[in-house]
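Working through the structure, step by step
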Amino acid sequence: MVTEPVERRSSATRVPVAALVAATAEIAAGLDSLGRIDVVSDALAATYGYRSGELVGRRFTVLVHPDEAARVAAAIHAAAEGEPQQLLHRLRDTSGSYRWVESMVQWFRSTGAPVLLLARDVQGRVSHEQTLLRQVAAADDVFNELREGVVVIDTDGLVLAVNEAAATFLGVARRELLGHLARAHVTVVDEDGAPMPPERMPSTRAFRTGVAQNEAVQYRRNDGSSVWLFARTVPLFDPGQMSPARVAIFLEDLAATEGPEALRTRTIAAAAQCELTSREHEVLQLLAQGDDVRVISQRLGITVHTVRGHVKQVMQKLDARTQLQAVVVALRSGLVRLH
């Protein structure tokens, strides 16, 4: 390794480095083996606001963000040992601000010194990536704060996304669900208490038909306990695809405090005591099919305001807190059926 200071090196050694750096339009600097700056390109000086020659003789790492200075120094040392290095780090300009750059440090045997080539300023790219990461983190926080459970699976039943509410409903840790087959941790139970055949599963029907499925479903957990959930299974299409690549299953726990038998008793009692008008029954049937109020208004030729009025009456008559709960009560009592 060459350890002599910059000022002791001969001009014959320095000229090739200076010529190389001067010839490039890229941000570049020539260093000695100790990491001191011998020459900088015009692009580096102009980009970071330094005067020509102002940086010569200073250690390059004084320009590097303190969090990355040790890593850059190690890369310079490794380059001096003959191992080219590529790294991402920040450089300081004359205002004291730091910008992200991608650097290549390479040893040039003909000059006897490593040359640090800063291939390009990547501040814009890094800022964009950091913004995306913040957005993803924020979305993940919101996703996990939802009281409604959400599970996204692919055609093989592999869990691609799951929030904390869904994991709680299903009695499985989120980390055990994510990236694993859903059926390995929870079983959908049929009316006779046996596992539901795959062809009857809401997710299977959503994949096959490309249409959302709405159904009250009993799930049996690994510990043997069961939970009744209202599942809305929504097919998700990638651009240009004719068939859904994934389905999102939205889960609402409507029986967490009373159990399936108590739920059945209450829903039948509520249905027996209510008297729906023919129009309210039509609205309820369309809600059960997955239509929203705007679609229902178009189907029935009435205003959205009128549809909302019917929905409110249905919820009151069925003693339901939400539209989903009203649909579950109606399904469990036989007031409406899904065809």
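As the structure is a prediction and not an experimental result, all values here were calculated from the model.

Remarks on the nonpolar core
Val-283, Ile-296, Val-307 and Leu-318 are the most contacted members of the largest nonpolar core, which has 24 residues in total. When contributions to this core are tallied by element, the ones reaching two or more residues are helix H9 (278–288), helix H10 (293–300), helix H11 (304–317) and helix H12 (323–333). Every residue in contact with Val-283, bar those within four places of it in the chain, is listed here: Ile-296, Leu-300, Val-307, His-310 and Val-311. The next biggest cluster of nonpolar side chains, apart from the first, holds 23 residues, and it includes Val-159, Leu-177, Ala-206 and Leu-251.

Focus on the pairing of strand S11 (residues 246–253)
Looking down a regular strand, the side chains alternate between one sheet face and the other. With six of eight residues buried, S11 is to be regarded as a mostly interior element. Examined bridge by bridge, strand S6 (residues 149–154) and S11 share six bridges and lie antiparallel to one another. Pairing of Val-151 across the sheet is with Ile-249, part of S11. Looking at chain direction, strand S10 (residues 226–236) and S11 are connected through eight bridges and run antiparallel. When the bridges of S11 are listed, Leu-236 appears paired with Arg-246.

Let's talk about the packing of H9 against H11
Between H9 and H11, the least distance of the axes is 9 Å, while the angle of their chain directions is 90 degrees. Accordingly, the angle class assigned to the pair H9 and H11 is roughly perpendicular. For the pair H9 and H11, contact is made by Arg-279, Glu-280, Val-283, Leu-284 and Leu-287 and by Val-307, His-310, Val-311, Gln-313, Val-314 and Lys-317, respectively. Split by residue class, the contact of H9 with H11 holds six nonpolar, two polar and three charged.

Conventions adopted
Starting from 1, residues in each chain are numbered consecutively following that chain's sequence as written. Only residues with pLDDT of at least 70 are given local features in this predicted model, and only at 80 or more are side-chain atom pairs given and counted; all residues enter the totals for whole chains, interfaces and linings. By convention in this description, side-chain values take in all heavy atoms of the structure and omit both hydrogens and water. Residues grouped as a nonpolar core are buried Ala, Val, Leu, Ile, Met, Phe, Trp, Tyr and Cys residues, joined through side-chain atoms within 4.5 Å. Only protein chains enter the area calculation, which uses a 1.4 Å probe; residues under 20% of their type maximum are buried, those over 50% are exposed, and those in between are partly exposed. Helix numbering and strand numbering both begin at the N terminus, where a helix is a DSSP run of H or I of at least 4 residues and a strand a DSSP run of E of at least 2. For this analysis, residues touch if any pair of their heavy atoms sits within 4.5 Å. The rule for pairing is simple: two strands pair if DSSP sees at least two bridges between them. Simply put, an axis is a line fit to the C-alpha atoms, just over the touching stretch for a helix, and the angle between two N-to-C directions goes from 0 to 180 degrees. Throughout this description, any angle smaller than 35 degrees is read as roughly parallel, any larger than 145 degrees as roughly antiparallel, any in the 65 to 115 degree range as roughly perpendicular, and the remainder as oblique. Only Asp, Glu, Lys and Arg are considered charged in this grouping, and only Ala, Val, Leu, Ile, Met, Phe, Trp, Tyr, Cys and Pro are considered nonpolar; every other residue, Gly among them, is considered polar.

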